[in-house]
Amino acid sequence: MNETSPPRRRARNRIAAATAAAFGAALLVSPGAAGAQDEAECAALGDNPMKSDIGAAFEAAVACGVEVRIKNRSYPYSTYRVTPEGQLKLTATGSPSQAFRDEGVPDPTLVDYYGSLVQDRSPWYLFLRYTDDYYPLIESHGGSTLDWKGEIPVPTYSGTEAVYDGLGDGVDLSVDVGVSSSEVRFDVANPSAWSELSNGLVVGYPETANVDGDIIEFHGSDDPFLSTERTTPFTVRTAGGNVERATLDLAADGTLTMSLPDGFLEDASFPMTVSTQLTLTDYGVGEWGAVTSASPDEALYRGGAGFDAPYFQAAGESGSAVVGEYCDALLGAGCTTSSDGAAYWNFQWPVSGRDRLPDYSFDYTFPVDSASFRVDAAAGTTCVAPPLHRTAEYTPAATWNTRPGPTGVPENGTCSEGTAVYDVTDLLPERWVDEDEDAADRITLGMPGSAETARFEGDTARFEIVFDIAGVYAYRHCSTDPDSPNTYGASDQEYGQIYVNAWKPDEIDLGLTFTATFRDAATGAAVLTTEPHDVVLENTSTRALDPADALESGSYEVTYELSSTTTGFNRTTGPCHMTVDTSE
């Protein structure tokens, strides 16, 4: 068994290496001990402490020496906490295993809710027709609906599955609900049953839906804070194992028509199944999926493909995600041709401008300190850690033929107690800057292949990022108008007229320095860059140029780079404008 070391941290230029090593990247002046708050307040935090925002969570975490969740960022797949060291930590998971605010961990078990079936507890409800016939067959929390033209029988249900026997003549329906996605499967007994199914579904509010070949997209949005509900491809599988994707057409009245290539039904052996998944891409929802060359046009969202078990288990393998070469039993006995599998995970990167910041007097940057990814090997298998890549974004419709391509250099992992573990610090952006409109809203990690076959339980994936918190206010006491520059003589060339303050300076020592770069105003060429100087918080830091660095007469732009010696924070201010006249 290989023991793994903690994820490496971003490189630092520390001025107090011994002290920094003791406290880590976000250097704490006050250790996390229950002193600022009395013991009763710390005890009242309970077993899973939570506060309303970053500021309140910071106070409690540092004072009480515990990790504290941020309420409005506590989702089943994605939770932000403040650590006792005064850092921000994102924990993202492939399954909805975390508490939703103060409502606990979701439970998708179906319950009767005033004549409809719905999950017992989920932030993203899915309603199924039960005894109240007023409502459609399926309705999502966002209002998307899928209905049936004919009479809908009262289903039987157990656990997370509802079964509508006799939905049509020779058509049965089963819906297995999850927390944020659900598997839908139609069992089709014969050609006439297919004819009824292929024209029997109705999409509600068709003007807000869009059909793209073999998927339906409901209420799609590019805004990461607005949900996109969509299906995976409608996949037809015959009793003989032939697989084809149905082509969809949506009429103005909402009728959904499914069609198959010419000749497919003539050779099809019945019964056959038609399966899809209703998926939700939303803020805080972790998504994952697999693909296989054995069925190159089939989407295996969350490992599923319309079977009673994950695809790879139905194919004779272990786990829900296989990476590398394997034998696919669905292709027939004997495994005359090997197949290849790959797996991908989407996680939420912090979205700009939407988090509750601790004090709006400051601009915030969250430098990445460390990051890790881990996923469990399938039970009874030997752990293998294939190369892990950043890839293009995974979508629920991804197949082997449309799988996301890798980007950059991969990370190699190690195995520890049956879990593949990776340090992914270098795969991520260096920092999250609040209100950075160009920031990615999702991070996709993928295993496109493996020299040695790896078998995983895909939903056990866990992605953790630790951020430093750097809140800085900087104001320049200089001319920002190029038409009205400050004027200096030979003996009084000053720079660094910046007033700087920081959030929580008594707890977080950013060790700020500033460097000035002078550029010729006409050409933009750099003329001089000074050595770093310490920033004195809550004071205007002003310095005079050393005589050896005296500038010649002319017009200049000056920019200032603020840097932290204890974190990855840095920021460059806009230019100040100055004129030097050595004749004065």
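Whatever comes next refers back to the structure up there.
None of these values were measured; they are calculated from a predicted model.

Reading the values: rules and limits
- Residues numbered from 1 in each chain as written.
- Predicted model: local features only at pLDDT ≥ 70, side-chain atom pairs only at ≥ 80, totals over all residues.
- Heavy atoms only, no water.
- Buried < 20%, exposed > 50% of the residue type's maximum accessible area, 1.4 Å probe, protein only.
- Helix = DSSP H or I, 4+ residues; strand = E, 2+ residues; numbered from the N terminus.
- Contact = heavy atoms within 4.5 Å.
- Phe/Tyr/Trp six-rings, centres within 6.5 Å; stacked < 30°, edge-to-face > 60°.
- Pairing = 2+ DSSP bridges.
- Salt bridge = Lys/Arg side-chain N within 4 Å of Asp/Glu carboxyl O.

A. Just helix 3 (residues 54-64), in detail. The buried fraction of helix 3 amounts to 9 of the 11 residues, a majority that puts the element mostly inside the structure. When helix 3 is considered as a whole, its buried residues turn out to be Ile-54, Gly-55, Ala-57, Phe-58, Ala-60, Ala-61, Val-62, Ala-63 and Cys-64. Packed against the buried residues of helix 3 are helix 2 (39-43), strand 1 (50-51), strand 2 (68-74) and strand 3 (78-82). Looking one or two places after helix 3, you find Gly-65, whose phi comes out positive at around 70°.

B. Geometry of the packing of aromatic side chains. For the structure shown, the criterion picks out 25 aromatic pairs. Measuring from ring centre to ring centre gives 6.3 Å for Tyr-125 and Phe-127, while their planes differ by 40°; the resulting arrangement is tilted. Classification of Phe-127 by relative accessible area gives partly exposed; the value is 27%.

C. Region of the structure containing unusual backbone geometry. With an omega dihedral of 0°, the bond running from Phe-270 to Pro-271 counts as a cis peptide bond. Counting through the fold element by element, Pro-271 comes out in the loop between helix 5 (264-267) and strand 22 (272-281). Its identity as a non-glycine residue notwithstanding, Lys-504 has a phi of 55°, on the positive side. Within the secondary structure, Lys-504 is located in the loop between strand 38 (494-502) and strand 39 (512-520). Backbone geometry at Glu-538 places phi at a positive 60°, although glycine is not the residue there. Within the secondary structure layout, Glu-538 lies in the loop between strand 41 (533-534) and strand 42 (539-544).

D. Quick peek at the pairing of strand 13 (residues 182-188). Summarising burial for strand 13: 5 of the 7 residues are buried, a large majority. In terms of strand pairing, strand 12 (residues 171-177) meets strand 13 through 7 bridges, oriented antiparallel. In the sheet register, Asp-172 faces strand 13, and the bridge partner there is Asp-187. Connecting the antiparallel pair strand 12 and strand 13 is a turn made up of 4 residues. Judged from the 7 bridges that link them, strand 13 and strand 22 form a sheet pairing that is antiparallel. Counterpart to Ser-182 in the pairing with strand 22 is Leu-278.

E. Inspection of the environment of Gly-324 at higher detail. If you trace the backbone, Gly-324 turns up in strand 25 (residues 321-326). Between the C-alpha atoms of Gly-324 and Pro-386, which are 62 residues apart in sequence, the distance is 8.6 Å. Setting aside residues up to four positions removed in sequence, Gly-324 forms contacts with Ser-339, Asp-340, Gly-341, Ser-450 and Thr-453.

F. Region of the structure containing the pattern of salt bridges. Evaluation of the coordinates by the stated rule reveals 12 salt bridges. Residue Lys-504 is joined to Glu-59 by a salt bridge in which the shortest nitrogen-to-oxygen separation is 2.0 Å. Here Lys-504, found in the loop between strand 38 and strand 39, pairs with Glu-59, found in helix 3; they are 445 residues apart in sequence, far enough to count as distant. Residue classification places Lys-504 among the buried positions, given a relative accessible area of 19%. Judged by its relative accessible area of 39%, Glu-59 falls in the partly exposed class. A salt bridge links Arg-237 to Glu-298, with the shortest nitrogen-to-oxygen separation between them at 2.5 Å. Residue Arg-237 is found in strand 18 (residues 235-237), and its partner Glu-298 is found in the loop between strand 23 (287-292) and strand 24 (300-301); the two are separated by 61 residues along the sequence. Summarising the burial analysis for this pair, Arg-237 and Glu-298 share the class buried. Each of the salt bridges in this network shares a partner with another, and the network as a whole consists of Arg-185, Asp-187 and Asp-308.

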